[in-house]
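# Per-entry structural report
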Amino acid sequence: MSTEHKATLSFTDGTPSVEFPIHQGTIGPDVIDIRKLYGATGKFTYDPGFLSTASCNSTITYIDGDKGELLYRGYPIEQLATNCDFMEVCYLLLNGELPNESQRAEFVSRVSNHTMVNEQMHFFLRGFRRDAHPMAVMTGLVGGMSAFYPDSMNLMDKNQRDISAIRLIAKMPTLVAMAYKYGIGAPHMYPKNELSYTANFMRMMFGNPCEDYKVNDVLVRAMDRIFILHADHEQNASTSTVRLCASSGTNPFAAIAAGVACLWGPSHGGANEACLNMLMEIQQNGGVEKIGDFINKVKDKDSGVRLMGFGHRVYKNYDPRAKLMRETCHEVLNELGLQDDPLFKIAMALEKIALEDEYFVKRKLYPNVDFYSGIVQKAIGIPVPLFTAIFALARTVGWIAQLNEMIADPEYKIGRPRQLFMGATHRDVKPIGQR
Ligand code: ACO
C-alpha cells in the first residue's frame, strides 16, 4: 500500500477539518483510509451494502468490473480456465503461485488422502429429511465437521489452518455427493483416489456400486471449469461473511459453514438455480416466442421479476466467466447430442434481446456466470437444487484463502461495523398493566 496523496474532509457543523491518507493498490481504485475518523471527529461513515467501502486489503483476486476482467493472483481467468485444472488453481489461490509439477503432485496427493469423511458423518446425514434442500444439508454437514476434527480447529495455528484447508477442499465433493445420494435414496459411493479431483466427484455423484463408472473427459473438463470459474471472487457477500465470522477466532469449519449459508441466497449463489427455474418457466409458458412478454415483465418494476443470471454489483460489462461458461455450454451440449436444447435456445435469445434493450443497456446489465452454468450442470445431470452446493464446493478454496489472508494480516481485528441509530431514545419500562 503506497500513500502519496491525502484527502481533506471538511464539515459545516463546526467540526475541524480532518486529513486522511489515500492508499494506492497495485491496480484498482485508491482508498481513503478513514480508520481515524471516529477518534478525530466522533462521527462514523454510513455505507449500507458496502457500496463505497473496501473492508480489507487483499492480494488474491482482482476484478475490473468496467473492463469485465477477473484475475486470480494476477492471472487472467481465461488463461487459468484453458491452461490449468482446478487443483492448480486451488494451489495458486492458497499459496500465491502456480505449482510446478512436483508441487502439483504433492498437493494432489495431500488432497486425495483426505477425501473420505468420518464414518459418523453418515449418521449425522441421516438425521435430515430426504427432501431437505441440499444447501440446508451442506450448511449442517460443513458446520458439523467442527465436531469431527478437533485437531484442526485452532484458527490461530498455521499448521491447523493448513490441515483444515486440505480437509475442507478434499471433503466438500464427498459431502455434496453424499447429500445428493441421500436425497435420492441411492448408496453412497466412497471416493476413488486414483481419479482426478473432479472425475472422482463425478463418479461419487453418478456412479453406483454395481457398475464401473466410465469417465467422460469432456464432462469432467466442463465440471472442472465450473469449479475454476467459481473458486474466488474477492470480497463478495459469502466471502465477507467468512471473513467476519472467522474474525471472532471461531474454527475454520464454522466459518466456512457461515459462507455456505450466505451463498444459498438467490441474490448470490442461489442465482444459478433461480436462473434455470426462470428458463424452465419461460419454456413452459410459450418458449422463445414469449420472451418479449417476459422481458416486459422484468422491466415493470411493480412485477418484482428480475432477469436472473443478469446484472452484477461489480461487473458493469460482460462477466468474463459467463463467456467461458457459454463456450463450455456449447461443448457439453455437442458432446451429449443436445445441440437443440430448448433452454439453451431460450438463454441465447434472452441474452440477445437483453443486450440490445435500452433498459439493460442503460443499467449496464450483462449476463453473469450463472446465466449459462445452470444449463451446463443440468445437461451433465446435476439436479437443479444441487447447483448452489456445487458452487459452495468450488468457492471453499477461495473462502479459505481469504480467511488465511485475514488471520495472517498484522492489522487483523475482529470485524465490528457501527450503525446510525434511528430507534427510540431512552424510555422507562411501565408495569405490564399500564402498557
Ligand atoms: N433484472 C432486471 N433489473 C435488474 C437486474 C436484473 N437481473 N439487476 C439489476 N436490475 C436493475 C435494478 O432494478 C436497478 O434498477 P433502477 O436503477 O431502475 O432501480 C438497477 O438495475 C441496479 O440494480 P441494483 O439491484 O441496485 O444492483 P445491485 O448491484 O445491488 O445488484 C444483483 C446486483 C443483486 C446481482 C442484481 O443485478 C440481481 O438481482 N441480479 C439477478 C440475480 C443474479 O443473477 N445474481 C447473481 C450474481 S453473480 C453471483 O453471485 C455469482
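This text follows the structure it describes.
For every chain, the first residue of the written sequence is number 1, and numbering continues from 1 onward in sequence order. Only residues with pLDDT of at least 70 are given local features in this predicted model, and only at 80 or more are side-chain atom pairs given and counted; all residues enter the totals for whole chains, interfaces and linings. Excluded from the side-chain calculations are hydrogens and water; all other atoms, namely the structure's heavy atoms, are used.

### Comments concerning the side chain of His23
Going by this rule: Helix and strand assignments follow DSSP, with helices taken as H or I runs no shorter than four residues and strands as E runs no shorter than two, numbered in order from the N terminus. Here a polar contact is taken to be a pair of N or O atoms separated by no more than 3.5 Å, where protein atoms must pair a possible hydrogen donor with a possible acceptor and residues adjacent in sequence count only if both atoms sit in side chains. Only heavy atoms matter for contacts: two residues are in contact if any of them lie within 4.5 Å across the pair.
Position of His23 relative to the elements: it lies in strand E2 (residues 18–24). A distance of 2.8 Å separates the side chain of His23 from the side chain of Asp33, its partner in a polar contact. Residues contacting His23, with those up to four places away along its chain left out, are Met1, Ser2, Thr3, Asp30, Val31, Asp33 and Arg35.

### Observations regarding the packing of aromatic side chains
As a reminder of what qualifies: Any Phe, Tyr or Trp ring, taking Trp's six-membered ring, that has another such ring centre within 6.5 Å forms a pair; planes under 30 degrees apart are called stacked, those over 60 apart edge-to-face, and the others tilted. For every residue, the accessible area obtained with a 1.4 Å probe (protein chains only) is divided by the maximum for its type, and the residue is called buried under 20%, exposed over 50%, and partly exposed between those limits. In this scheme, Lys NZ or Arg CZ marks a charge over a ring once it lies within 6 Å of the ring centre and within 35 degrees of the ring normal.
Evaluation of the coordinates by the stated rule reveals 14 aromatic pairs. Aromatic side chains Phe344 and Tyr372 sit 5.9 Å apart centroid to centroid with 65° between the ring planes, which places their arrangement in the edge-to-face category. Placement of Phe344 in helix H15 (residues 342–356) and of Tyr372 in helix H17 (residues 370–380) is noted, with a sequence separation of 28 residues between them. Here the aromatic rings of Tyr359 and Phe360 are separated by 5.0 Å at their centres, their planes lie at 70°, and the arrangement is edge-to-face. Under the relative-accessibility criterion, Tyr359 is labelled buried at 15%. Here a set of aromatic residues connected by ring pairs shows up, and it is made of Phe310, Phe344, Tyr359, Phe360, Phe371 and Tyr372. Over the face of the ring belonging to Tyr182 we find Arg130, whose NZ or CZ atom lies 4.3 Å from the ring centre. Positioned above the aromatic ring of Tyr359 is the side chain of Arg363, whose terminal nitrogen or guanidinium carbon lies 3.8 Å from the ring centre.

### Thoughts on the site of the ligand
Convention followed: Throughout, the term near means that a residue has one or more heavy atoms lying within 4 Å of the molecule or strand in question. Here the term charged refers only to Asp, Glu, Lys and Arg, the term nonpolar to Ala, Val, Leu, Ile, Met, Phe, Trp, Tyr, Cys and Pro, and the term polar to all other amino acids, Gly among them.
Taken together, 20 residues are adjacent to the ligand, and Lys301, Arg306, Leu307, Gly309 and Arg313 come closest. One of the backbone N or O atoms of Gly309 is found 2.9 Å from an oxygen atom in the ligand. The class makeup of the residues in the shell around the ligand is nine nonpolar, six polar and five charged.

### Some remarks on the nonpolar core
The nonpolar side chains of a soluble globular protein tend to be buried, and buried together. Applied cut-off: In this text, buried Ala, Val, Leu, Ile, Met, Phe, Trp, Tyr and Cys residues form a nonpolar core when linked through side-chain atoms within 4.5 Å.
Counting residues in each nonpolar core, the largest one holds 115 residues, and the members touching the most others are Leu279, Leu307 and Leu350. For this core, the element with the most residues is helix H18 (residues 387–408), which contributes 14 residues. Ignoring anything within four residues of it in the chain, the contact list for Leu279 reads Leu343, Ile346, Ala347, Leu350 and Ile375.

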